[in-house]
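Listed here are the chains, written in short residue letters.
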Amino acid sequence: MQRMSEGLDLIPLDMRREIDLEAAWRLSRVIKQLAPEVIHAHDLEAAGITATALSIAAAAVRPAFVLSQRRDTPLSRQSFSRWTYTQVEAVIASTSIIRDRVRADGVPRDKTHVIYDAVDELKAAMSGMLTPEKREEVIGTAEIRQVFKVSKIGSIAGCMVT
């Protein structure tokens, strides 16, 4: 409701499940009335309803259909779920792990994009999977002038640092 008060075209739909013909019909009427350029579905259930609504609306100019994928859940093997993904122009994954899952489920590479690559890198670094970047920078030189032998310790170098 806050977004609506800001003047944005945000229409709440009471969706009950992935295949909800009543909600899809209401959305198709909104699509015909507003003729939006882009429709963004925030989850798979909304994507199913949006794909159905776009088919019902059969608008002269079809709006771009974008899906956000935030969870690493495999795509259902149902025909309807597979069909839904074929209707999407782009899938925006929150991590590369999710992008790879979506691609493994059959969504073409050119339709998948990652918005938060840094999250994966941080998780990999925290779990020790990412090797630290080593960088050398010369800030001076040391000339060994004399080597001292110390029992139980070993050799010690006397240096002149510049």
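Notes on the structure follow. Being a predicted model, the structure only gives us computed values, none of them experimental. Within every chain, residues take consecutive numbers counted from 1 along the sequence as written. Side-chain atom pairs in this predicted model are given and counted only at pLDDT of 80 or more, local residue features only at pLDDT of at least 70, and totals for whole chains, interfaces and linings cover all residues. To get the side-chain values, all heavy atoms of the structure are used, and hydrogens and water are removed first.

### A closer look at the overall build of the protein chain
Okay, step 1: By the criteria applied, helices consist of DSSP H or I runs no shorter than four residues and strands consist of E runs no shorter than two, each listed in order from the N terminus. A count of helical and extended segments in the protein chain gives six helices and six strands.
Okay, step 2: Mapped in sequence order, the helices and strands of the protein chain form the string α-α-β-α-β-α-β-α-β-α-β-β.
Okay, step 3: The buried label goes to any residue with under 20% of its type's maximum accessible area, the exposed label to any with over 50%, and the partly exposed label to all in between, with areas taken from a 1.4 Å probe on protein chains only. Burial statistics for the protein chain: of 162 residues in total, 30% are counted as buried.
Okay, step 4: A separation threshold of at least 6 residues defines the contact pool for the protein chain, and within that pool the share at least 24 residues apart is 47%. The contact rule is simple, with two residues in contact once any of their heavy atoms fall within 4.5 Å.

### So, the environment of Thr 52
Okay, step 1: Within the secondary structure, Thr 52 is located in helix H3 (residues 44-57).
Okay, step 2: On the basis of relative accessibility, which here comes to 14%, the residue Thr 52 falls in the buried class.
Okay, step 3: In this structure, the C-alpha to C-alpha distance between Thr 52 and Trp 25, residues 27 residues apart in sequence, is 8.2 Å.
Okay, step 4: Discounting chain neighbours no more than four positions away, the residues touching Thr 52 are Leu 21, Ala 24, Phe 80 and Trp 83.

### Re the nonpolar core
Okay, step 1: Nonpolar cores are built from buried Ala, Val, Leu, Ile, Met, Phe, Trp, Tyr and Cys residues. Side-chain atoms within 4.5 Å join them into one set. Ranked by size, the top nonpolar core spans 23 residues in total, and within it Ile 31, Ala 41, Phe 65, Leu 67, Tyr 85, Val 91 and Val 102 carry the most contacts.
Okay, step 2: Residue assignment for this core shows that the elements contributing at least two residues are helix H2 (21-34), strand S1 (38-41), H3, strand S2 (64-69), strand S3 (90-93) and helix H5 (96-104).
Okay, step 3: Every residue in contact with Leu 67, bar those within four places of it in the chain, is listed here: His 40, Ala 41, Asp 43, Leu 44, Ala 47, Tyr 85, Val 88, Ala 90, Val 91 and Ile 92.

### A short note on the packing of H3 against helix H4 (residues 79-87)
Okay, step 1: With their axes 9 Å apart at the nearest point, H3 and H4 run at an angle of 70 degrees to one another. Of the possible angle classes, the one that applies to H3 and H4 is roughly perpendicular. Touching Leu 44, Ala 47, Gly 48, Ala 51, Thr 52 and Ser 55 of H3 are Phe 80, Trp 83, Thr 84, Tyr 85 and Gln 87, all from H4.
Okay, step 2: Amino acid classes used here: Ala, Val, Leu, Ile, Met, Phe, Trp, Tyr, Cys and Pro are nonpolar; Asp, Glu, Lys and Arg are charged; the rest, including Gly, are polar. The residue makeup of the contact of H3 with H4, split by class, is six nonpolar, five polar and no charged. Axes here mean lines fitted to C-alpha atoms, for a helix over just the part in contact, with angles spanning 0 to 180 degrees between N-to-C directions. By definition in this entry, angles of less than 35 degrees are roughly parallel, angles greater than 145 are roughly antiparallel, angles of 65 to 115 are roughly perpendicular, and the rest are oblique.

### Here we look at H3
Okay, step 1: Under the convention used throughout, the expected extent of a helix is 1.5 Å for every residue step, that is, one less than its residue count. Across its 14 residues, H3 extends 20 Å between first and last C-alpha, which sits within 8% of the 20 Å expected from 1.5 Å per residue.
Okay, step 2: Of all 14 residues in H3, eleven are buried, a share of seventy percent or more.
Okay, step 3: Residues Leu 44, Ala 46, Ala 47, Gly 48, Ile 49, Thr 50, Ala 51, Thr 52, Ala 53, Leu 54 and Ala 57 constitute the buried set of H3.
Okay, step 4: In the core, the buried residues of H3 are packed alongside H2, S1, S2 and H4.
Okay, step 5: Pairs of N or O atoms within 3.5 Å make up the polar contacts considered here, provided that, within protein, one atom can donate a hydrogen while the other can accept it, and that residues adjacent in sequence are counted only when both atoms are side-chain atoms. With a side-chain oxygen lying 3.2 Å from the backbone nitrogen of Glu 45, the N-terminal cap of H3 falls on Asp 43.
Okay, step 6: Backbone geometry just after H3 places Ala 58 at a positive phi near 45 degrees.

### Some thoughts on the side chain of Gln 69
Okay, step 1: Along the chain, Gln 69 turns up in strand S2.
Okay, step 2: Ignoring sequence-local partners within four residues, the contact set of Gln 69 consists of Leu 44, Tyr 85, Val 91, Ile 92, Ala 93, Ser 94, Ile 98 and Val 102.

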